Amino acid sequence: MPSNLLIVESPSKAKTLKKYLGPDFEVLASYGHVRDLVPKNGAVDPEKDFAMKYQVVARNSKHVDAIVKAVAEVDHVYLATDPDREGEAISWHLVEILNKKKLLKDKTAQRVVFHEITKNAVLDAIANPRPIAQDLVDAQQARRALDYLVGFNLSPLLWKKIRRGLSAGRVQSPALRLICERENEIKAFVEQEYWSVHLDSHKGRTKFSAKLTTLAGTKLDQFAIPDEAEQASVLARLQGHDAVVSSIEKKKKSRSPAAPFTTSTLQQEAVRKLGMTTDRAMRTAQQLYEGVDIGQGTVGLITYMRTDSVALANEAVEEIRAYIGERFDAEHLPKNPVAYKNKSKNAQEAHEAVRPTSILRAPEMMKPFLSADQFKLYDMIWKRTLACQMAPAKFDTTSVDITVGDGIFRASGQVLVFAGFLSVYEEDVDDAEDEENAKLPLLNEGDALPVDKLYGSQHFTQPPPRFSEASLVKSLEEFGIGRPSTYASIISTLKDREYVILDKKRFYPTDTGDIVNRFLTEHFAQYVDYNFTAKLENQLDEIASGTRQWVPVMDSFWKGFSKQLLEKEGISRAEVTTESLDEACPKCSKPLSIKFGKRGRFIACTGYPDCDYTRNVGETAEQAAAEAEAPTVIEDRPCPECGGELHIKKGRFGKFIGCANYPKCKHIEPLEKPRDTGVQCPECKTGSLIERKSRYGKLFYSCNTYPKCKYATWNPPVAEACPQCNWPILTIKITKRRGTEKVCPQKECGYAEQIAPPEAKVADAE
């Protein structure tokens with residue numbers, strides 16, 4: 001009978017650890033959180049020092065029962081939940097449950113922490129147990145209490161003032177504000193025209209271009225040539241002059257590798273490089289951390305994936321440096337180990353960056369044991385970690401100034417002379433500007449050059465780009481909103497609540513998201529303020545480090561927040577959801593307003609219910625009148641449900657066919673028959689896949705027997721079985737990075753075959 005019980009959070013981790021610890025240990029999983037606040041008012045009581053009422057999480061009660069039963073049989077309990085505040089709190093909850101049942105008399109219950117699941121790390125942790133760190137538990141309790149007080153008090157207010165079913169969150173609301181503010185910037189953006197002037201020349205067989213930077217001794221700024229006329233006069237003044245190389249500047253440049261991954265940078269790169277969502281990246285990282293069977297037993301392949309530290313253990317650095325020394329030329333290995341500074345002032349120093357548990361487990365060796373996602377993510381983590389200890393890349397840069405008349409053109413070139421870390425890994429960036437680094441011929445001062453072409457290029461300033469998941473994560477981190485471990489859930493919540501949609505991998509706020517954000521920024525400005533949110537996050541860190549007490553932090557927050565709640569009770573729904581328009585109703589001449597309904601914003605008469613005039617936002621009164629004049633009747637076909645006339649109607653998502661007897665009869669059908677792909681549904685094998693549009697206008701393909709069969713896929717289907725897993729269909733996927741591919745729609749399979757390479761960037765016609 002085992003005399004020790006080790007408790008972890010996840011069952012797959014339990015399996016891995018059981019193999020390391022042998023018969024003297026029973027290993028059980030809590031399956032995540034064991035207790036949470038009771039889901040009703042009063043679960044946190046501000047009157048009694050924020051006393052919190054907990055209950056066992058229903059879905060995990062059977063796992064708690066198994067732990068309770070096992071504790072009775074053993075002498076020592078080891079709490080090996082995850083090595084972060086949340087893990088510490090789960091351990092504390094377990095001890096609370098066991099103490100209530102008086103099960104820990106004459107037994108030890110101690111905390112063990114390991115940041116990687118390898119035999120040495122686990123055995124070392126068990127040899128050095130510690131008590132539960134109350135400061136970490138207090139920080140987690142304070143976070144939970146804050147989130148509860150905000151959610152439980154703000155959400156009902158949104159229900160009353162906007163519509164039922166909405167929610168507000170302490171951290172999700174500032175994140176929504178970021179997206180809405182960016183959208184407002186884009187709407188308010190006024191483009192500005194400007195021109196640049198270029199010279200095309202060549203020497204020998206090498207062609208190159210240069211850009212006008214100085215005219216008549218004055219350096220040109222972005223808007224120095226504002227229009228076509230000015231550009232024409234600049235060209236006229238330079239035409240007919242010889243081109244001469246007036247100066248050459250050569251410099252040596254070096255570029256250092258990026259720091260090893262933190263949770264935040266791992267999520268950003270997984271979005272940019274691998275096309276994953278933050279959520280999928282974190283799930284995959286969890287699997288790599290918890291352990292994979294690599295043919296000689298199960299082993300954790302990466303260190304703990306929730307960290308904001310860029311530190312690496314000395315043993316890891318030694319192993320990486322030895323690996324570089326064996327497999328690369330000597331100049332790839334710097335004299336001394338490369339150390340990185342933590343940006344986050346509260347990075348938990350005990351944690352390391354996300355790295356492979358051993359650099360010797362090269363991705364290609366691991367490939368047979370990993371799913372497609374696991375391999376892609378492991379490969380990226382491995383390469384980034386290896387590169388971070390390699391020598392900088394070296395470049396020779398050349399800037400050449402060419403004088404034409406009283407104008408100076410500049411051509412720049414850059415040549416990679418030593419790849420260094422770039423031979424392994426290069427970091428991606430969002431919305432990168434294309435740098436001009438053409439290859440230049442060998443030029444000397446005083447060289448006369450041919451003027452092949454002098455020409456102007458027209459440009460317009462661009463609005464700021466909408467957030468992608470990667471750039472949103474980057475901004476959340478910069479503003480100190482939330483913690484890296486919460487970014488994926490913040491983004492999921494915003495999508496699930498339909499406050500934002502992700503279209504072409506960019507975030508757009510929905511009408512609902514926009515109204516909720518407007519309400520919160522107008523009436524609860526402090527609580528969606530970026531600095532306020534970050535300051536609170538810092539206070540939670542100070543609670544965790546023991547330099548601050550949690551109750552006073554809660555108290556100062558609650559005093560201001562509860563006062564604000566009372567003040568805002570009196571706001572009317574109309575104030576929040578209605579915007580007045582400077583336009584009279586074409587039906588009754590009363591003013592029109594923009595209202596907010598179940599399906600979003602629409603224009604309506606303020607004289608309702610006496611006047612029922614409405615039209616869509618973005619539609620003029622004339623367009624609406626033309627639509628409403630006479631309904632188009634579908635000839636020779638009655639409504640299949642009630643026998644009434646069928647009319648062509650216009651709704652929020654475009655035109656459709658509907659019964660004239662609405663609302664008594666609610667029959668509707670699409671105006672255009674969906675296109676049948678002719679591909680048999682792989683799930684029910686009776687229907688076929690047809691092309692449909694989602695509520696946001698995005699095409700998808702689903703079974704025509706819906707709702708009997710609910711199979712659907714975003715990418716166009718092909719009637720070919722997957723050669724890897726035999727799923728009856730493949731789909732066509734087009735991405736900028738990988739071109740056109742045939743891919744298996746079964747995510748866990750990961751089969752992909754390239755049909756056409758990515759399109760090369762089209763050079764300017766001019």
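Our subject is the structure listed above.
Each value, and the rule that gives it
- Note on numbering: residues in each chain are counted from 1, in written sequence order.
- pLDDT decides what is reported in this predicted model: residues at 70 or higher carry local features, side-chain atom pairs at 80 or more are listed and counted, and totals for whole chains, interfaces and linings draw on all residues regardless.
- Excluded from the side-chain calculations are hydrogens and water; all other atoms, namely the structure's heavy atoms, are used.
- Here a strand is any run of E in DSSP of at least two residues, a helix any run of H or I of at least four, and the numbering for each starts at the N terminus.
- Method for areas: the Shrake-Rupley scheme with a 1.4 Å probe, in which residue coverage is limited to the protein chains shown.
- A residue counts as positive if it is Lys or Arg and as negative if it is Asp or Glu; His and the chain ends are not included.
- Every charge is mapped onto a representative atom, which is NZ of Lys, CZ of Arg, CG of Asp or CD of Glu.
- To obtain each axis, a line is fitted to C-alpha atoms, and for helices this fit is confined to the stretch in contact; angles are then taken between N-to-C directions over 0 to 180 degrees.
- Working rule for angles: under 35 degrees goes down as roughly parallel, over 145 as roughly antiparallel, 65 to 115 as roughly perpendicular, anything else as oblique.
- Crossing chirality is assigned from the near helix's rotation relative to the far helix, an anticlockwise turn below a right angle marking it left-handed and a clockwise turn marking it right-handed.
- Contacts are assigned to residue pairs with any non-hydrogen atoms lying within 4.5 Å of each other.
- Think of it as three bins: nonpolar holds Ala, Val, Leu, Ile, Met, Phe, Trp, Tyr, Cys and Pro, charged holds Asp, Glu, Lys and Arg, and polar takes everything else, Gly as well.
- The rule is simple: take the accessible area with a 1.4 Å probe, protein chains only, and divide by the maximum for that residue type; under 20% is buried, over 50% is exposed, in between is partly exposed.
- Working definition: the arc comes from the directions between the helix axis and the C-beta atoms, pointing outward to the latter.
- Any two strands with at least two DSSP bridges between them are considered paired.
- Pairing of aromatic side chains here covers Phe, Tyr and the six-membered ring of Trp, requires ring centres within 6.5 Å, and sorts the geometry by plane angle: under 30 degrees stacked, over 60 edge-to-face, intermediate tilted.
- Points on a 1 Å grid, built from protein atoms alone, make a cavity when a 1.4 Å probe fits but cannot get out and make a pocket when they are open with protein on both sides within 12 Å along at least 5 of 7 lines; residues with an atom within 4 Å of a point are the lining residues.
- Grid points are joined across faces, edges and corners, and a volume is the space filled by probe spheres set on the points.
- Residues belong to one nonpolar core when they are buried, are Ala, Val, Leu, Ile, Met, Phe, Trp, Tyr or Cys, and are joined through side-chain atoms within 4.5 Å.
- We call a crossover right-handed when, viewed with the strands running away from us, the connection from the first strand over the helix to the second turns clockwise.

Draft legend 1. Structural context of the overall build of the chain. Across its full length, the chain holds 19 helices and 36 strands. In terms of overall dimensions, the chain has C-alpha extents of about 100 × 85 × 60 Å along its principal axes. Entry remark: accessible area of the chain is about 40,000 Å², with carbon and sulfur atoms responsible for 50%. Taken as two groups, the 107 positive and 106 negative side-chain charges of the chain have centres that lie 5 Å from each other.

Draft legend 2. Local environment of the packing of helix H8 (residues 263-274) against helix H12 (residues 372-387). Where H8 meets H12, the closest approach of the two axes is 11 Å, and the angle between their N-to-C directions is 120°. The pairing of H8 with H12 is recorded here as oblique in orientation. In terms of crossing hand, the pair formed by H8 and H12 is right-handed. Here Thr265, Leu266, Glu269, Ala270, Lys273 and Leu274 of H8 come into contact with H12, specifically with Lys376, Leu377, Met380, Ile381 and Arg384. By residue class, the composition of the contact of H8 with H12 is 6 nonpolar, 1 polar and 4 charged.

Draft legend 3. Local environment of helix H1 (residues 11-21). For H1, the set of buried residues is Lys13, Ala14, Thr16, Leu17, Tyr20 and Leu21. Projected onto a plane normal to the axis of H1, the buried residues spread over an arc of 165° and lie on a single side. H1 presents Lys15 and Lys19 as exposed residues on the side facing more than 90 degrees away from its buried surface. Where H1 is buried, its residues contact strand E1 (4-8), strand E2 (25-29), helix H4 (119-127), helix H9 (278-290) and strand E14 (298-299). The positive-phi residue at the C-terminal boundary of H1 is Gly22, with phi of around 75°.

Draft legend 4. Here's a closer look at the sheet that holds E1. Strands sit in the order E2-E1-E7-E8 across an open sheet of 4 strands; the sheet is parallel. Looking at the sheet topology across the chains shown, the edges are occupied by E2 and strand E8 (108-111). Averaged over all pairs of adjacent strands, the angle between strand axes in this sheet comes to 20°, irrespective of strand direction. With 5 bridges connecting them, E1 and E2 associate as parallel partners. Bridge pairing in E2 places Leu5 opposite Glu26. Set on the sheet, H1 makes contact with E1 and E2; between it and E2 the angle comes to about 170°.

Draft legend 5. Geometry of the side chain of Glu669. By the secondary structure assignment, Glu669 is in strand E28 (residues 668-670). If near-sequence neighbours (up to four positions away) are discounted, Glu669 is found in contact with Arg637, Phe656 and Ile657.

Draft legend 6. The packing of aromatic side chains, seen in detail. Inspection of the entire model under this criterion finds 18 aromatic pairs. With a centroid separation of 6.2 Å and an interplanar angle of 55°, the aromatic rings of Phe524 and Phe561 are classed as tilted. A residue pair is termed long-range when its members are at least 10 positions apart, and Phe524 in the loop between helix H15 (511-523) and helix H16 (530-544) and Phe561 in helix H17 (residues 550-568) qualify at 37 residues. There is no split in this pair, since Phe524 and Phe561 are both buried.

Draft legend 7. Representation of the sheet that holds strand E31 (residues 699-703) within the structure. Strands sit in the order E29-E30-E31-E32 across an open sheet of 4 strands; the sheet is antiparallel. Looking at the sheet topology across the chains shown, the edges are occupied by strand E29 (676-680) and strand E32 (712-713). Pairing of strand E30 (residues 688-693) with E31 involves 5 bridges; the strand directions are antiparallel. Note on E31: the bridge partner recorded for Lys693 is Leu699.

Draft legend 8. View of the packing of helix H6 (residues 172-188) against helix H13 (residues 469-479). Orientation of H6 relative to H13, taken along the N-to-C sense of each, is 120°, at an axis distance of 11 Å. Relative to H13, the element H6 is oriented oblique. Helix-helix and strand crossings are classified by hand; for H6 and H13 the assignment is right-handed. The residues of H13 that touch H6, namely those facing Ala175, Leu178 and Ile179, are Leu472, Ser475, Leu476 and Phe479. In the contact of H6 with H13, the residues fall into 6 nonpolar, 1 polar and no charged.

Draft legend 9. Up close: unusual backbone geometry. Following Tyr608, the chain continues into Pro609 via a peptide bond in cis, with omega recorded as 10°. Considering the arrangement of structural elements, one finds Pro609 in the loop between strand E23 (600-605) and strand E24 (614-616). With phi around 65°, Asn726 is a residue other than glycine that occupies positive phi space. Turning to its location among the elements, Asn726 is positioned in the loop between strand E33 (717-718) and strand E34 (730-735).

Draft legend 10. How the structure looks around helix H14 (residues 487-496). Listing the buried residues of H14 in full gives Tyr487, Ala488, Ile490, Ile491, Ser492 and Leu494. Looking at the buried residues of H14, the elements they touch are H6, H8, H9, H13, strand E19 (500-503) and strand E20 (506-509). Immediately downstream of H14, the backbone of Glu498 shows phi near 60°, a positive value.

Draft legend 11. View of empty space enclosed by the protein. By the definition in use, this model includes 2 cavities of 30 Å³ or more. Of the volumes computed, that of the largest cavity is approximately 80 Å³. Lining the largest cavity are 13 residues, and of these Val150, Gly169, Arg170, Tyr527 and Val528 lie nearest its centre. Residue assignment for the lining of the largest cavity shows that the elements contributing at least two residues are helix H5 (134-161) and H16. For the lining of the largest cavity, the element with the most residues is H16, which contributes 3 residues. Partitioning the lining of the largest cavity into residue classes produces 9 nonpolar, 3 polar and 1 charged. Its volume calculated, the second largest cavity comes out at about 40 Å³. In terms of residue count, helix H10 (residues 314-327) provides more of the lining of the second largest cavity than any other element does, 3 residues in total. Residues belonging to the lining of the second largest cavity are distributed by class as follows: 4 nonpolar, 2 polar and 2 charged.

Draft legend 12. Expanded view of the nonpolar core. Judged by nonpolar contacts, the single largest core of 63 residues is most densely connected at Leu154, Ile162, Phe519, Phe524 and Phe561. Elements with a contribution of two residues or more to this core: H5, H6, H13, H14, H15, H16 and H17. In terms of residues, this core owes the most to one element, H5, which gives 11 residues. Residues within four places of Phe519 in sequence aside, it is in contact with Leu157, Leu158, Lys161, Ile162, Phe524, Ile571 and Val576.

Draft legend 13. Region of interest: the pairing of strand E7 (residues 76-79). Two strands pair when backbone bridges link them, and E1 and E7 are joined in this way by 4 bridges, in the parallel orientation. Counterpart to Leu6 in the pairing with E7 is Tyr78. Bridging between E7 and E8 involves 4 bridges; their strand directions are parallel. Following the sheet pairing, Tyr78 is matched in E8 by Gln110. Read as a crossover between parallel neighbours, the route from E7 over helix H3 (residues 85-100) to E8 is right-handed.

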